[in-house]
Protein chains: 2
Amino acid sequence: MADPVVRSAPPAPSSAPSSAPPTAPARAGRATLVDVAAAAGTSASTVSRVLHGGAGVTDELAERVRAAARELGYSVNRQARTLRRGKDTAIGVALEDFTIPFFGRIVAQVEQAAHERGYGVVITCAGSGRSEEEAVEPLLSRSVAGLVVATGTAGAPEGYLAALAAELPVVQVDAPSASSHSDTVGIDNEAAGRLLTEHLLAHGHRRVLFVGSGPAATTVQLRRRGYEAAMREAGLEPLSTWLGYLPSETTERAVDVLREHTASGAPGGGITAVLSGVARVTMGLASAMARLGLRDLAYAAVDDLAGADAFSPPLTVLEQDVEVMGARAAELLFARIDGDRRPPVHERVPLRLIVRGSGELPPR
Amino acid sequence: MADPVVRSAPPAPSSAPSSAPPTAPARAGRATLVDVAAAAGTSASTVSRVLHGGAGVTDELAERVRAAARELGYSVNRQARTLRRGKDTAIGVALEDFTIPFFGRIVAQVEQAAHERGYGVVITCAGSGRSEEEAVEPLLSRSVAGLVVATGTAGAPEGYLAALAAELPVVQVDAPSASSHSDTVGIDNEAAGRLLTEHLLAHGHRRVLFVGSGPAATTVQLRRRGYEAAMREAGLEPLSTWLGYLPSETTERAVDVLREHTASGAPGGGITAVLSGVARVTMGLASAMARLGLRDLAYAAVDDLAGADAFSPPLTVLEQDVEVMGARAAELLFARIDGDRRPPVHERVPLRLIVRGSGELPPR
DNA sequence: CTGAAAGCGCTTACAG
DNA sequence: CTGAAAGCGCTTACAG
């Protein structure tokens, strides 16, 4: 094994002796390209080619390099690669709330897709008071190759995200509206609100309350718009209310709201059905109903919930295939990263009504 | 303001700087240290000191540097810093399953703690067939400064994690057992199984079925051990079964199991109570009960579930403060990263019994 | 107090 | 087909 080079400056920290370290892990930490090169009796360039570049190396040499790499347990230092290449093999994911299964199911899909492609996933939380910008900056300073943004109810990110999308691929999930600057994957929110409302109306309900988080949640606003349209077309007066954005207060507020609207002296004689506009609110309302013992209120919601089939009262739901949303978001993102330059794509996943007992008009 | 340097090559995308530019990866947007130095009429060293090192720079110069940095929208390139320093300002989080709120609540806390300290969070999924090693390697190749591992039911990671913990700080959450090599945060699993069983027994139940995911889930095994001890001490025969590790099959299997054990001809006359050993199983059992209309089966579970208070039948639960678990895990990890060299710490978070209707022995 | 220089580990155009 | 060399952006001894 020729060893023409004096093995460029054995790095000081607890380094092995000079010249040719046969197999010994050079430094305290991980083996480097140079370590592998030395072990294989070749140069770093060649090792790099064999391990990543692919073409143009003799079979015999390539095999020697691979053996050495294996033996030393070599794996690439991403920082160095990224610094050199300019873009990290990592994507960023900005989520509104990790504790809500909807978002968890999105990350799970995105992580899977990233893993398959050898990409890492850096996450950041964009909910509860943290601005989009504050949430995303840490990802940018890591040179992520692209971004999945799922901050559905977090606010109106148009401005900042538009600027961002000009610099790197961005896919929005559960996006408030089809934005012109980046790909989006989501449902038809307005249709969702309308469908559920029409379902309730078709079963005899007249006093249906729409409950959302707050007016700043664009997704929810669209769903409400659908609800209101359906109500008005049926000659009914829409009625909606908000529970706010704080997870810790959601259930309490739901209790208050339901008390008010089911009381004997409630405006219009009290509601017979509730329509929830978003997952966290759905949970809060369910807990509140259980606590208040409201067993004869029809209940429908846009997002399906894990375990919702065990809820009481039964929850009628407009199920969206969240796994498909997450998977498609990842596919679109990686297509962009791989150079896809088509105009922004806006995908809608289909909705499926799952009726669980909101059918019967409860006894008055 | 002197400007001694020719302002090293205003980085127009793929511009050709002064001397020898054989290699110039086209860098899109971000300003570099050198850009800031040029703008402030000083050197990169000084800019670095002002922005991060802190001490030893004239106020006047420092201010000029900060102004320039602000103006250029400078933020540090993490790759370069990490490459230079050796350790990334990022931590890794390996989770079993993102879609289960338990894990989501852990990440949420860890992410918050990391964000406060200027650390990034790289995630990886260690569930469903992916080995610990395969899951963690991508994090190591990014030089994360430490690792939070929450793979409760994923298997027996002792060997690999022990080796890992020798190289960088690792904190295990919901750990199968107090391991000697790394910090752990969790509950007393055996006590948990025992407590819930004793609760059911105290209310007259004699035929209690324990349901877990599978024998490889160490956490669940410990909970089952507590259940069995309590049963035996009461002179009763333990009875347990598994639903397997596949999320997609959990509910189906739960239906089968419940059918079998509540049938008229069931061994011993059929069960009156079910004890679930882990969150996913709890969900599956709840759905199965709803589907089978089993309204008079007492139901208890170790993990609390979001929305569990709306379940039917009511779910008695041993609540663990998951937020505290996540927060403590992060604190322990950052203490280690900051140089804490105490022997491994094993923290237990307290358990709280939340009784929701499993009290009454159902009518026979 | 400040700057020039080296080098972290990698990739890649360039030369041989 | 292969290697020497440059340089990604940063930090940090080391001089001045």
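Residues numbered from 1 in each chain as written. Chains lettered and ligands numbered in written order. Predicted model: local features only at pLDDT ≥ 70, side-chain atom pairs only at ≥ 80, totals over all residues. Heavy atoms only, no water.

### Considering unusual backbone geometry
Here is the rule we go by: Helix and strand definitions here come from DSSP, where helices need a minimum of 4 consecutive H or I residues and strands a minimum of 2 consecutive E residues; each element is numbered from the N-terminal end.
Of note, Ser143 of chain A is a non-glycine position whose phi angle comes to about 60°, a positive value. Within the element layout of this structure, Ser143 of chain A appears in the loop between helix H6 (132–140) and strand E3 (146–150).

### Let's talk about the pairing of strand E4 (residues 170–173) of chain A
The side chains of a regular strand alternate between the sheet's two faces. Residues and elements named next belong to chain A. Heads up, the rule is: Relative accessibility under 20% of the residue-type maximum defines a buried residue, over 50% an exposed one, and the middle range a partly exposed one, all with a 1.4 Å probe and only protein chains included. If DSSP finds at least two bridges between two strands, the strands pair.
By the alternation rule, side chains of E4 split into Val170 and Gln172 and Val171 and Val173, which are all buried. Both E3 and E4 contribute to a ladder of three bridges, which runs parallel. Looking at the pairing, Val149 lines up with Gln172 of E4. Pairing of E4 with strand E5 (residues 183–186), which is carried by three bridges, proceeds in the parallel orientation. Bridged to Gln172 within E5 is Thr184.

### What to know about the sheet that holds E3 of chain A
What counts, and what does not: Note on definitions: angles span 0 to 180 degrees between N-to-C directions of axes, and those axes are lines fitted to C-alpha atoms, for helices only across the stretch in contact. By definition in these notes, contact holds between two residues if any of their heavy atoms fall within 4.5 Å.
Spatial strand order, E11(A)-E5(A)-E4(A)-E3(A)-E1(A)-E2(A)-E2(B)-E1(B)-E3(B)-E4(B)-E5(B)-E11(B): 12 strands in an open sheet with mixed pairing. Looking at strand neighbours, the two that pair on one side only are strand E11 (346–348) of chain A together with strand E11 (346–348) of chain B, the edges of this open sheet. The mean inter-strand angle of the sheet, taken between neighbouring strand axes irrespective of direction, is 20°. Packed onto the sheet, helix H5 (residues 101–116) of chain A meets strand E1 (90–95), strand E2 (120–125), E3 and E4 of chain A together with strand E2 (120–125) of chain B and runs at close to 175° relative to E1 of chain A.

### Considerations on the interface of chain B and chain A
How we decide: When a carboxyl oxygen of Asp or Glu is within 4 Å of a side-chain nitrogen of Lys or Arg, the pair counts as a salt bridge. Here a polar contact is recorded for every N or O atom pair within 3.5 Å, except that within protein the pair must consist of a potential hydrogen donor and a potential acceptor, and residues adjacent in sequence are included only if both atoms are side-chain atoms. Polar here means any residue outside two lists: the nonpolar Ala, Val, Leu, Ile, Met, Phe, Trp, Tyr, Cys and Pro, and the charged Asp, Glu, Lys and Arg; Gly therefore counts as polar.
Taken together, the 48 residues of chain B in the interface contact 48 residues of chain A. Summed over the shared surface of chain B and chain A, the result is two salt bridges. Arg142 of chain A is the salt-bridge partner of Asp88 of chain B, the closest N and O atoms lying 2.9 Å from each other. The interface formed by chain B and chain A contains 19 residue pairs in polar contact (both at pLDDT 80 or more). For the side of chain B that touches chain A, the secondary structure elements donating two or more residues are helix H4 (78–85), helix H5 (101–116), E2, helix H6 (132–140) and helix H11 (279–292) of chain B. Here the side of chain B that touches chain A gets eight residues from one element, more than from any other, and that element is H5 of chain B. Of the residues contributing to the side of chain B that touches chain A, the split by class is 21 nonpolar, 17 polar and 10 charged. As paired strands, E2 of chain A and E2 of chain B are joined by three bridges and run antiparallel to one another. What sits directly across from Val122 of chain A, in E2 of chain B, is Val122 of chain B.

### Remarks on the pattern of salt bridges
On inspection of all chains with the given rule, the structure shows 34 salt bridges over all chains. Note that Asp174 of chain A is salt-bridged to Arg223 of chain A, the shortest N-O span being 3.6 Å. Here Arg223 of chain A lies in helix H9 (residues 218–233) and Asp174 of chain A lies in the loop between E4 and E5, a separation of 49 residues in the sequence. The pair Asp174 of chain A / Arg223 of chain A is uniform in exposure class, with both members buried. Glu347 of chain B is the salt-bridge partner of Arg328 of chain B, the closest N and O atoms lying 2.5 Å from each other. You can see Arg328 of chain B sitting in helix H12 (residues 322–337) and its partner Glu347 of chain B sitting in strand E11, a full 19 residues away along the chain.

### Points about the environment of Ala68 of chain A
Residues and elements named next belong to chain A. Relative to the elements of secondary structure, Ala68 occurs in helix H3 (residues 59–72). Along the primary structure Ala68 and Val47 are separated by 21 residues, whereas in three dimensions their C-alpha atoms are 9.7 Å apart. When near neighbours in sequence (up to four residues on either side) are disregarded, Ala68 contacts Val36, Ala39 and Ala40.

### A look at the relation of the copies chain B and chain A
The criterion, for reference: Here the copies are superposed with least squares, the fitted atoms being C-alpha atoms of residues at a pLDDT of at least 70 in both.
For the match of chain B to chain A, the screw axis carries a shift of 0.0 Å, the RMSD comes to 0.1 Å, and the turn is 180°. Given the turn and translation reported, the copies of this chain are related as if by a two-fold rotation axis.

### Quick notes on the packing of helix H1 (residues 33–40) of chain B against helix H3 (residues 59–72) of chain B
Residues and elements named next belong to chain B. Applicable threshold: Between 65 and 115 degrees an angle is taken as roughly perpendicular, under 35 as roughly parallel, over 145 as roughly antiparallel, and anywhere else as oblique. Here a crossing is taken to be left-handed if its near helix is turned anticlockwise relative to the far helix by less than a right angle, and right-handed if that turn runs clockwise.
Across the interface, H1 lies against H3 with an axial gap of 8 Å and an inter-helix angle of 125°. When the axis of H1 is compared with that of H3, the two are oblique. For the pair H1 and H3, the crossing hand works out as right-handed. Contacts between H1 and H3 involve Asp35, Val36, Ala39 and Ala40 from the former and Arg64, Val65, Ala68, Ala69 and Leu72 from the latter. In the contact of H1 with H3, the residues fall into seven nonpolar, no polar and two charged.

### Here we look at helix H9 (residues 218–233) of chain B
Residue and element names in this part refer to chain B. This is how it is decided: Here the expected span of a helix is defined as 1.5 Å times the quantity of residues minus one.
Under the 1.5 Å per step criterion, the end-to-end length of H9 is 23 Å for 16 residues, consistent within 8% with the ideal 22 Å. The set of residues buried in H9 consists of Thr219, Val220, Leu222, Arg223, Arg224, Gly226, Tyr227, Glu228, Ala230 and Met231. Packing partners of the buried residues in H9 comprise helix H8 (189–202), strand E6 (208–212), strand E7 (240–242), strand E8 (273–276) and strand E10 (316–320). Directly beyond the C-terminal end of H9, a positive phi value near 75° is found at Gly235.

### Observations regarding the packing of aromatic side chains
Residue and element names in this part refer to chain A. How we decide: Pairing of aromatic rings covers Phe, Tyr and Trp, the last through its six-membered ring, and needs centres within 6.5 Å; plane angles under 30 degrees mean stacked, over 60 mean edge-to-face, and all others mean tilted.
By the definition in use, this model includes seven aromatic pairs over all chains. For the pair Tyr119 and Phe334, a centre-to-centre distance of 5.0 Å together with 75° between the ring planes defines the contact as edge-to-face. Here Phe334 lies in helix H12 (residues 322–337) and Tyr119 lies in the loop between H5 and E2, a separation of 215 residues in the sequence. Phe334 matches Tyr119 in its accessibility class, with the two residues each being buried.

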